[in-house]
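# Examining the three-dimensional arrangement
Spelled out, the chains give:
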Amino acid sequence: MSRKLSRRQVLRFGALSASGIMVGCAPKIVEVTREVEKEKIVKETVEVEKIVEKEVEKVVEVEKIVEVAPTGPTNSAGITLPADALPLDQQHWKIGNGMTGAHGHWMKSLYNLLWGNTMHDDPLVGLDYHGDPFPCAAESWTVADNNVDWDFKLRQLTWTDGSPVTAHDFEWTLKYTMGNNYDFGWYYSDIKNALKVLNGELPPEELGVKALDDYTLRITTEMPTPYLPQVLCFYMPMSKAAFEKYGEFYELDPKTFNGCGPWTLV
């Protein structure tokens, strides 16, 4: 049996059905909480020490020195000397130790000689300010393969009397001085047989010094001696002719003087 619904009933039923549909279809809401870590920003303040350079002006007081014009005698070089200078006839140029008259060659008596010899005789080899050898009486030198035979080529020098300076003069000088026990003979101990000749154990002829010709001097050492040229900076010759004619002290008298350097004795 059918039942007819009233208008009010239809509206009520519709409202209830809609409500049921809405309730059944409504989504489930889930609350989500997310924690976010905030980055901490730390501001660092760095204090920099400030260095301030202070300039200090230095004031130096300089004492003014007033030079007094010399009023003394004027010498032969045109130089006026101080007022307290001795008269020119009382002035002397003193060189070395002049207590006694030693031979001009420095090896005769190093402690008691007239040092002018170092000015009027050329040594075999010179030394510069750095201690390096340079040609003097010898213009060049070479050492043999055996490292003990040294050959020195001489320049063409002349003695004051005009005669040539030869390798024979150098040979004779060293053999004579070593054979007669001159001062500082030990200085040449690198040369073959030097100490034995100095002590009288061997004759001077056995010394390792020989003139190969007029302008070549050979020096033989006991063992390889690369510094030999430096040693020979004191090796100055004597004039054998003047020695034999005027005696051992020929270089002390202007009348018999015979040197081979740029200076002479007056």
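Scroll up to find the structure.
Read on for a plain summary of the structure. Along each chain, residues carry numbers from 1 onward, in the same order as the chain's sequence is written. Local features in this predicted model are restricted to residues of pLDDT 70 or higher, and side-chain atom pairs are both shown and tallied only at a pLDDT of 80 or more, whereas totals for entire chains, interfaces and linings draw on every residue. To get the side-chain values, take all heavy atoms of the structure and skip hydrogens and water.

## Points about the overall build of the protein
Helix and strand counts for the protein stand at six helices and six strands. Runs of H or I in DSSP of at least four residues are treated as helices and runs of E of at least two as strands, each being numbered from the N terminus. Taken from the N to the C terminus, the helices and strands of the protein come in the order α-α-β-β-β-β-α-α-β-β-α-α. Taking the intrachain contacts of the protein between residues at least 6 apart in sequence as the baseline, contacts between residues at least 24 apart amount to 55%. Total accessible area on the protein stands at roughly 19900 Å², and carbon and sulfur atoms take up 55% of it. Every residue pair with non-hydrogen atoms within 4.5 Å of one another is taken to be in contact. All accessible-area figures derive from a Shrake-Rupley calculation using a 1.4 Å probe, and residue coverage is judged against the displayed protein chains alone.

## A few points about the sheet that holds strand β3 (residues 138-143)
Strands were regarded as paired on the criterion that DSSP finds at least two bridges between them. With antiparallel pairing, the four strands of this open sheet are ordered in space as β3-β4-β6-β5. The open sheet is flanked by β3 and β5 (209-213), the only strands paired with a single partner. With direction set aside, neighbouring strand axes in the sheet form an average angle of 25 degrees. Taken together, the five bridges between β3 and strand β4 (residues 149-154) define a ladder with antiparallel strand orientation. Within β4, the position partnered with A138 by the bridge is L154. Lines fitted to C-alpha atoms define the axes here, with helix axes fitted over just the stretch in contact, and angles between the N-to-C directions of these axes take values from 0 to 180 degrees. The strands touched by helix α3 (residues 167-179) are β4, β5 and β6 (216-220); relative to β5, the strand with the most contacts, the crossing angle is about 165 degrees.

## Comments concerning the pairing of β6
Summary of the burial criterion: residues with accessible area below 20% of their type's maximum are buried, those above 50% are exposed, and those between are partly exposed, where the area comes from a 1.4 Å probe applied to protein chains only. The buried fraction of β6 is high, at four of five residues. As defined by bridge partners, β4 adjoins β6 across five bridges and the pair is classed as antiparallel. Each bridged residue has a counterpart across the sheet, and for K153 the counterpart in β6 is T216. The pairing of β5 with β6 spans four bridges and is antiparallel. Bridge pairing links A211 to L217 in β6. Connecting β5 to the next strand, β6, in antiparallel fashion are two residues.

## Quick notes on the packing of aromatic side chains
Put simply, two rings from Phe, Tyr or Trp (the six-membered ring, in Trp's case) pair if the centres are within 6.5 Å, and we call them stacked under 30 degrees between planes, edge-to-face over 60, tilted for the rest. A complete count under the given rule lists twelve aromatic pairs for this structure. Relative to Y176, the ring of W172 lies with its centre 5.3 Å away and its plane at 25 degrees, an arrangement referred to as stacked. Of the two residues, W172 and Y176 both sit in helix α3, four residues apart, roughly one turn of that helix. Considering the side-chain rings of Y187 and F234, the 5.7 Å spacing of their centres and the 70 degrees angle between planes classify their relative orientation as edge-to-face. Taken together, the residues span a long stretch of sequence, with Y187 in the loop between α3 and α4 (194-198) and F234 in the loop between α5 (228-231) and α6 (240-246) at a distance of 47 residues. Residue classification places F234 among the partly exposed residues on the basis of a relative accessible area of 37%.

## A closer look at unusual backbone geometry
Even without being glycine, N147 reaches a positive phi, approximately 65 degrees. As for its position among the elements, N147 is in the loop between β3 and β4. Residue N147 is classed as partly exposed on the basis of its relative accessible area, which comes to 38%. Even without a glycine there, the phi angle at N193 is positive, about 65 degrees. Within the secondary structure layout, N193 lies in the loop between α3 and α4. A residue is classified by how much of its surface remains accessible, and N193, at 14% relative accessible area, is buried.

## Quick word on the side chain of T216
For T216, the position within the fold is in strand β6. If we ignore the near neighbours within four places in the chain, the residues touching T216 are D151, F152, K153, A167, K210 and A211.

## Let's talk about the environment of K153
With respect to the secondary-structure elements, K153 resides in strand β4. In the structure, K153 is positioned 13 residues away from S140 in sequence and 5.4 Å away in space, judged by C-alpha atoms. Apart from residues lying up to four places away in sequence, K153 is in contact with A137, A138, E139, S140, Y215 and T216. N or O atoms closer than or at 3.5 Å make up a polar contact, with two conditions inside protein: a donor-capable atom paired with an acceptor-capable one, and, for residues adjacent in sequence, both atoms drawn from side chains. In terms of polar contacts, K153 uses its side chain to reach the side chain of T216, at 2.8 Å.

## Some thoughts on the environment of P203
Relative to the helices and strands, P203 resides in the loop between α4 and β5. The sequence separation of P203 and G179 amounts to 24 residues, and the corresponding C-alpha distance is 7.0 Å.

## Here we look at the pattern of salt bridges
Pairs can form between side chains of opposite charge whenever their charged atoms are close. We define a salt bridge as a contact between a side-chain nitrogen of Lys or Arg and a carboxyl oxygen of Asp or Glu at a distance within 4 Å. Taken as a whole and judged by the stated rule, the model has three salt bridges. D122 is the salt-bridge partner of R155, the closest N and O atoms lying 3.4 Å from each other. Here the residue R155 occupies a position in the loop between β4 and α3, and D122 occupies one in the loop between α2 (117-120) and β1 (125-127), the gap between them amounting to 33 residues. On the basis of relative accessible area, R155 is assigned to the partly exposed category, the value being 33%. Between R218 and D151 there is a salt bridge, with its nearest N and O atoms 2.7 Å apart. On the criterion of sequence distance, the pair formed by R218 in strand β6 and D151 in strand β4 is long-range, its members being 67 residues apart. You can call R218 partly exposed: its relative accessible area is 28%.

Interpretation note: all reported values are geometric properties and have no functional meaning in isolation.
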